[in-house]
Amino acid sequence: MQNFENFYSKFSTFLKDFNYKNSSQKEGVLKILYINDDHLSAAEIQERFYREFKENISLTAIYQFLNFLEEIGLAISFEESGIKKFELNLNSHHDHLICTKCGKIVSFYDETIENRQDIICENKKFKTEGHTMILYGICKECQK
């Protein structure tokens, strides 16, 4: 994966196309999402933002930016125990397992599943534009 500075440089140019103003806070939120493999809530982003930059950012500003990222397809979100969690969508396709007890989200990729989906779409003469697979169950820790 490219480093954040290269990614952000391209993203800044992209923002101009949407007449969307850039800011150090937006850059910070994007960096937090970029460097974390976790699925983060707005509150978790706010907490990490303060730890990283020693600056406060409002939840409203975070949600507005996250909603924008979702609208343009750069972020995706999931409900985890009633809390919306976000991750960047950087074309590294993967699917998700979500624990219905604790809300834990686990990302995974399975080539067999991906190939099977392609075969199904081909057989049904269906042209895919993308997909999300979420499997719900109970994680190892909650099964104890």
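Above: the structure in question.
Notes on the structure follow. Just so it is clear, the structure is predicted and the values come from calculations on it, not from any experiment.

## With respect to the pairing of strand β3 (residues 83-88)
For a regular strand, side-chain orientation follows a simple rule: the groups alternate between the two sheet faces.
Argument step 1. With two bridges joining them, strand β1 (residues 40-41) and β3 adopt antiparallel strand pairing. Bridging from a neighbouring strand, Ser41 pairs with Lys85 of β3.
Argument step 2. Where strand β2 (residues 75-80) meets β3, six bridges bridge the pair, whose relative direction is antiparallel. Bridge assignment links Ile76 to a residue of β3, and that residue is Glu87.
Argument step 3. Hairpin geometry of β2 and β3 is characterised by an intervening segment of two residues between the two adjacent antiparallel strands and by a positive phi of about 55° at Ser81.

## A few points about the nonpolar core
Argument step 1. By size, the foremost hydrophobic cluster in this structure holds 24 residues, and its most contacted members are Val29, Leu30, Leu33, Leu66 and Leu69.
Argument step 2. Elements represented by at least two residues in this core include exactly α1 (4-17), α2 (24-35), α3 (42-53), α4 (59-71) and β3.
Argument step 3. Leaving out residues up to four positions away in the same chain, Leu30 has contacts with Phe4, Phe7, Tyr8, Phe11, Phe65, Leu69, Leu74 and Leu88.

About the criteria used
Residues numbered from 1 in each chain as written. Predicted model: local features only at pLDDT ≥ 70, side-chain atom pairs only at ≥ 80, totals over all residues. Heavy atoms only, no water. Pairing = 2+ DSSP bridges. Helix = DSSP H or I, 4+ residues; strand = E, 2+ residues; numbered from the N terminus. Core = buried A, V, L, I, M, F, W, Y, C linked by side-chain atoms within 4.5 Å. Buried < 20%, exposed > 50% of the residue type's maximum accessible area, 1.4 Å probe, protein only. Contact = heavy atoms within 4.5 Å.

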